[in-house]
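Here's the letter readout for the chains.
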Amino acid sequence: QAQLVESGGGLVQAGDSLRLSCAGNRRVFSNFAMGWFRQFPGKEREFVAAISFTGGTTDYADSVKDRFTISRDNTKSTMYLHMNGLKPEDTAVYYCAAALSVKVLVVNADEYEYWGQGTQVTVSS
């Protein structure tokens, strides 16, 4: 069983930065590709960023590229999402997820087996 717990969300102003964290267990961080997704009210979850289980390969949605950075520290069993230059349209619930996959990167939400409970990020204008 993989338990993922997000933290770090909150209310910020446009242009501010936030760092989200996703803590899990050693099994997840030794074997799973991971990612961040977000969900707007009434919408499906959308891909934000993905990272390989070694942390050496990453991918981003075009909407966050050059503003967000995904990283992981497997020694601490923690993944991060550094968000810079936040915009009101980034307001959403952010979820971390883990996928045991042969793929290096997983961008499709349906391919993730485990999810955190979500953390709210609100960006005011």
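What you see is a predicted model, and the numbers here were worked out from it, not measured in a lab.

Here is what the cut-offs are and how they apply
Residues numbered from 1 in each chain as written. Predicted model: local features only at pLDDT ≥ 70, side-chain atom pairs only at ≥ 80, totals over all residues. Heavy atoms only, no water. Helix = DSSP H or I, 4+ residues; strand = E, 2+ residues; numbered from the N terminus. Rg over C-alpha atoms; globule rule 2.2 N^0.38 Å. Buried < 20%, exposed > 50% of the residue type's maximum accessible area, 1.4 Å probe, protein only. Contact = heavy atoms within 4.5 Å. Areas by Shrake-Rupley, 256 points an atom, 1.4 Å probe, with all protein chains shown as cover. Lys, Arg positive; Asp, Glu negative; His and termini not counted. Charge placed at Lys NZ, Arg CZ, Asp CG, Glu CD. Pairing = 2+ DSSP bridges. Axes fitted to C-alpha atoms, helices over the stretch in contact; angles between N-to-C directions. Salt bridge = Lys/Arg side-chain N within 4 Å of Asp/Glu carboxyl O.

> Just checking my understanding: could you explain the overall build of the protein chain for this structure?
When helices and strands are tallied, the protein chain shows one helix and 11 strands. Counting helices and strands in the order they occur from the N terminus, the protein chain gives β-β-β-α-β-β-β-β-β-β-β-β. In terms of overall size, the protein chain behaves like a compact globule, its C-alpha atoms giving a radius of gyration of 13 Å where 125 residues would be expected to give roughly 14 Å. Each of the three principal axes of the protein chain carries a C-alpha extent, and together these read 40 × 30 × 25 Å. Going through the 125 residues of the protein chain one by one, you find that 42% of them count as buried. Here the contacts in the protein chain between residues at least 6 apart in sequence split such that 59% fall between residues at least 24 apart. Just so you have it, the protein chain exposes about 6300 Å², and 47% of that area is on carbon and sulfur atoms. The averaged location of the 13 negative side-chain charges in the protein chain is 5 Å from the averaged location of its 12 positive side-chain charges.

> So what exactly am I meant to see when it comes to the sheet that holds strand β7 (residues 68–73) here?
Hydrogen bonds along the backbone pair up the strands of a sheet, which may run parallel or antiparallel. Overall, antiparallel pairing links the four strands, which are arranged β1-β3-β8-β7 in an open sheet. Every interior strand has two partners, whereas the edge strands, β1 (5–7) and β7, have only one. Averaged over all pairs of adjacent strands, the angle between strand axes in this sheet comes to 15°, irrespective of strand direction. Of the pairings in the sheet, the one linking strand β3 (residues 18–23) to strand β8 (residues 78–83) comprises six bridges and is antiparallel in character. Within the sheet, the bridge partner assigned to Leu18 lies in β8 and is Met83.

> Explanation requested: the pattern of salt bridges in the structure shown.
Applying the stated criterion across every chain yields a total of five salt bridges. Residue Glu46 pairs with Arg38 through a salt bridge whose shortest N-O separation is 2.8 Å. For Glu46, a relative accessible area of 27% puts it in the partly exposed group. One salt bridge in this structure joins Asp62 and Lys65, with 3.2 Å as the shortest N-O distance. On the accessibility criterion, Asp62 (66% relative accessible area) is exposed. Residue Lys65 is classed as partly exposed on the basis of its relative accessible area of 37%. Connected through salt bridges with shared partners, the residues Arg38, Glu46, Arg67 and Asp90 form a single ionic network.

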